[in-house]
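Notes for the structure review
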Amino acid sequence: MSDDLRDLYQEVILDHNRRPRNFGPLSDANRHAVGHNPLCGDRIQVHLRVEDGRVQGIRFEGAGCAISTASASLMTEALRGKTVEEAHTLFHGFHELVTRGEGDPADLGKLAVFTGVREFPIRVKCATLAWHTLEAALAQKDQPVSTE
Ligand code: ZN
């Protein structure tokens, strides 16, 4: 990876950490999951509205390091409007990229900014926390929407 590309990736991560997208509760969510990375202290909640096999809404809450927050923020941007199948495919592609450096970063769009994380094994858990939490939420049955 060139220094220019590394700087660009770093800038995107810092930007999403400073101004996380889709942060906060999701009033009409029908699936939720909580994730915790004890190695770093990252905690995240993912809220989803899944309808007709498609991610119609996705937001997150929580607190963690820059990598975990930026990863959750970029994940919500990448997944909105995607089918559940496409969400699983992105999860696997992202996981391969950050754990093994395999796959084509071009397939992952902005998620490619995490390419360098593989060089810091302890940070891989920070980068994948949101995605594991997403998978847990997708595995749930739909829940009744709370009116409160
Ligand atoms: Zn972390």
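Structure shown above.
Counting starts from 1 at the beginning of each chain's written sequence and moves along it residue by residue. Totals for whole chains, interfaces and linings use every residue, but because this is a predicted model, local features are given only for residues with pLDDT of at least 70 and side-chain atom pairs only at 80 or more, for both listing and counting. Note: side-chain values were computed over all heavy atoms of the structure, leaving out hydrogens and water.

Compared with an ideal rise of 1.5 Å per residue, which puts 17 residues at 24 Å, helix α3 (residues 84–100) spans 24 Å between its outermost C-alpha atoms and is within 8% of the ideal. Only protein chains enter the accessibility calculation, which uses a 1.4 Å probe. A residue is then buried if its area is under 20% of the maximum for its type, exposed if over 50%, and partly exposed in between. Per the convention used, a helix needs a DSSP run of H or I reaching at least four residues, while a strand needs a run of E reaching at least two, with both numbered from the N terminus. Every buried residue belonging to α3 is among Val84, Ala87, Leu90, Phe91, Phe94, Leu97 and Val98, and all of these are buried. Buried residues of α3 fall within an arc of 145° about the axis and therefore sit on the same side. Seen from the buried face of α3, the exposed residues on the opposite side, beyond 90 degrees, are Glu85 and Thr89. For α3, the secondary structure elements touched by its buried residues are β2 (42–51), β3 (54–63), α2 (66–79) and α4 (121–138). Of the residues one or two after α3, Gly101 is the one with positive phi, at around 70°. The length a helix should cover is 1.5 Å for every residue beyond the first. In this description, the arc belongs to the directions extending from the helix axis to the C-beta atoms. Note on contacts: a residue pair qualifies if any of its non-hydrogen atoms lie within 4.5 Å across the two residues.

Only when DSSP finds a minimum of two bridges between them are two strands counted as paired. Relative to β3, β2 is paired through 9 bridges, and the arrangement is antiparallel. Its bridge partner being in β3, His47 is matched across the sheet by Arg59. Taken together, β2 and the strand that follows it, β3, pair antiparallel across an intervening segment of 2 residues, in which Asp52 is found at a positive phi of about 50°.

Inspection of the secondary structure puts Ile122 in helix α4. Along the chain, Ile122 and Ala112 lie 10 residues apart, while their C-alpha atoms are 18 Å from each other.

Quick look at the nonpolar core now. By size, the foremost hydrophobic cluster in this structure holds 40 residues, and its most contacted members are Leu48, Phe114 and Trp131. Every element with two or more residues in this core is listed here: α1 (3–18), β2, β3, α2, α3 and α4. If you tally residues by element for this core, the top one is α4, at 9 residues. Contacts of Trp131, omitting those with residues within four sequence positions, involve Ser71, Met75, Leu79, Ala87, Leu90, Phe91, Phe94 and Leu111. By convention a nonpolar core is built from buried Ala, Val, Leu, Ile, Met, Phe, Trp, Tyr and Cys residues, the set being connected through side-chain atoms within 4.5 Å.

Attention now goes to the pattern of salt bridges. When a carboxyl oxygen of Asp or Glu is within 4 Å of a side-chain nitrogen of Lys or Arg, the pair counts as a salt bridge. Under the criterion given, the structure shown has 9 salt bridges. Here Arg6 makes a salt bridge to Glu119, at a shortest N to O gap of 3.7 Å. Residue Arg6 is found in helix α1, and its partner Glu119 is found in the loop between α3 and α4; the two are separated by 113 residues along the sequence. Owing to a relative accessible area of 34%, Arg6 belongs among the partly exposed residues under this scheme. With its nearest N and O atoms 2.7 Å apart, the salt bridge here joins Arg21 to Asp15. Sharing partners across several salt bridges, the network here consists of Asp15, Arg19 and Arg21.

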